[in-house]
Amino acid sequence: MHHFDPSKEIQNYLVFGEYGGVNPSIEDSSTYTFLSPEKMKELFDHEIEGCFLYSRHWNPTNKCLADALAKLEDSEAAIVTSSGMAAISSAILQICQCGDEIISGRTVYGGTYALLKNFLPRIGIKVKFVNIHNLKAVEESITDKTKIIYCESVSNPLLEIADLPSLGKIAKKHNLKLMVDNTFSPISLTPIQLGADIVVHSLTKFINGTSDCVAGCICSSREFVNQLSDINSGASMLLGPVLDSYRAASILKNLHSLHIRIEKHSANAQYISENLEKLGCKVFYPGLSSHPDHDLMTELMNEGFGYGGMLAIDAGDEKTASNLMAAMQREKIGYLAVSLGYFKTLFSSPGHSTSSEIPKEEQKVIGLSEGLVRMSVGLDNDISETFERIKKCIKEVGLCK
Ligand SMILES: *Cc1c(COP(=O)(O)O)cnc(C)c1O
């Protein structure tokens, strides 16, 4: 276990509002005045600290959120985007051009899979999907065209843990970038400390935590963030995935309670997983010693935040999974909805929703069962009472006696 505490870094990051407010002011402007034409010319030539030009380039409120996210991920710098997909696509397009190759894990988020599988080949970027746990297969896939090794720190939806230190070593040896999607495990895992070069997030999920907006971020070296925002060649500047400053301000406020929320999400998910397993259900949760990556997660995680708020139940077949989800919604355990990281429990069947971009045969190969139900466990105060209602649903659909 690691003793890094990202919440302390965020807590110690103080910014005042324009009139001394405890929250940074919301910059409600798309453009900024210059005191002289010379100063404007200077800014077009190179970045000037604390000087803003146009809000697609940088907005002060977005900068505050980005700086706090850099603290969270222990990166030199960060930039915020209008969605998680915008963060992923911008970072990839900043690095890769026609003819380049990417090596990606097979069990990535459905939208990412579709981007890598269908969209990038249209512009001549080739993607090889490998079992990211098979380090030999990863290394053997590398060619002189490879630019990125891409994976999720905790994979979606089977919650496999990437061996980031080993992948980082392979990336370094071959002069590649290790790019990690850390959406499932903010605060619990710090991929930059484990060997990642670039960390992306969908802020839409745990980091914001209120399911009221879509946003993303890229955390990396100052050099890479400067490349992304370069006026003449930056993907963030030129593809235009800008986040609105009102949203940046609200996400920043929610970021400050992330550590408390993750602790509670984790404790609740751990309780449900252990008790479902006792009932004889097939459960995937990295906090269970039966999970194949339990020891790896224990080794890599920051102490004190638990194994995360996501778990998956294998209900065996599609019909039972549907019945279970319908029963859980009726019993007010939460909502049948995609997405995650909300204060209430959300559940969906990945094979028919978020992972439906992955072809059926592929789903079989990666072990994605037809009957899988993914749960993002909420912040319920009395989880034992919630579990009694889950148990009622489990019994009703015939998953235990
Ligand atoms: C949701 C999600 C994304 C995409 O993020 P958006 O904010 O919806 O664009 C990427 N990766 C993972 C792991 C996700 O869960």
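See the structure above.
Residues numbered from 1 in each chain as written. Predicted model: local features only at pLDDT ≥ 70, side-chain atom pairs only at ≥ 80, totals over all residues. Heavy atoms only, no water.

**Student:** How do you make sense of the site of the ligand when you look at a structure like this?
**Tutor:** Neighbouring the ligand are 15 residues, the closest being Met 85, Asp 181, Ser 202, Thr 204 and Lys 205. In the environment of the ligand, a nitrogen atom lies 2.6 Å from a nitrogen or oxygen atom belonging to the side chain of Asp 181. In the model, an oxygen atom of the ligand is placed 2.8 Å from a nitrogen or oxygen of the Ser 202 side chain. Isolated, the ligand exposes 380 Å² of accessible area, and the fraction of that covered by the protein chains is 92%. Taken together, the residues of the shell around the ligand sort by class into seven nonpolar, five polar and three charged. (Near = heavy atom within 4 Å. Polar contact = N/O pair within 3.5 Å; in protein donor to acceptor, adjacent residues only side chain to side chain. Areas by Shrake-Rupley, 256 points an atom, 1.4 Å probe, with all protein chains shown as cover. Nonpolar A, V, L, I, M, F, W, Y, C, P; charged D, E, K, R; others polar.)

**Student:** It is not clear to me how the nonpolar core should be interpreted in this structure. Could you clarify?
**Tutor:** One broad trend across soluble globular proteins is that nonpolar side chains are buried collectively. The biggest cluster of nonpolar side chains holds 113 residues, and the ones touching the most others in it are Leu 69, Ile 92 and Ile 102. Of the residues forming this core, the biggest block, seven residues, is contributed by helix 3 (residues 60-73). The residue makeup of this core includes at least three contributed by each of domain 1 (6-255) and domain 2 (259-396). Look past the residues within four positions of Ile 92 in its chain and what remains in contact with it is Ile 102, Leu 115, Leu 116, Leu 120, Ile 148 and Met 179. (Core = buried A, V, L, I, M, F, W, Y, C linked by side-chain atoms within 4.5 Å. Buried < 20%, exposed > 50% of the residue type's maximum accessible area, 1.4 Å probe, protein only. Helix = DSSP H or I, 4+ residues; strand = E, 2+ residues; numbered from the N terminus. Domains from an automatic or database assignment. Contact = heavy atoms within 4.5 Å.)

**Student:** Would you mind going over helix 4 (residues 84-95) with me for this structure?
**Tutor:** Along an α-helix, residues three or four apart share an orientation, since each turn contains 3.6 residues. Taking 1.5 Å of rise per residue, twelve residues should cover 16 Å, and helix 4 covers 17 Å from first to last C-alpha, within 8% of that figure. The buried fraction of helix 4 is high, at ten of twelve residues. Turning to helix 4, its buried residues are Gly 84, Ala 86, Ala 87, Ile 88, Ser 89, Ser 90, Ala 91, Ile 92, Gln 94 and Ile 95. Taking the backbone nitrogen of Met 85 as reference, a side-chain oxygen 3.4 Å away marks Ser 83 as the first, capping residue of helix 4. (Expected span 1.5 Å × (residues − 1).)

**Student:** Quick question: what am I supposed to make of unusual backbone geometry here?
**Tutor:** Glycine aside, residues mostly have negative phi, and peptide bonds are mostly found in the trans state. The omega torsion across Asn 156 and Pro 157 is 5 degrees, close enough to zero to call that bond cis. For Pro 157, the location among the structural elements is in the loop between strand 4 (146-152) and helix 7 (164-173). Phi at Leu 159 takes a positive value of approximately 60 degrees, unusual for a residue other than glycine. Along the chain, Leu 159 turns up in the loop between strand 4 and helix 7. Taking the relative accessible area as the measure of exposure, Leu 159 reaches 2% and is therefore buried. Despite not being glycine, Lys 332 has its phi angle at roughly 60 degrees, a positive value. Along the chain, Lys 332 falls in the loop between helix 14 (318-330) and strand 10 (334-336). By relative accessible area, Lys 332 is classed as exposed at 68%.

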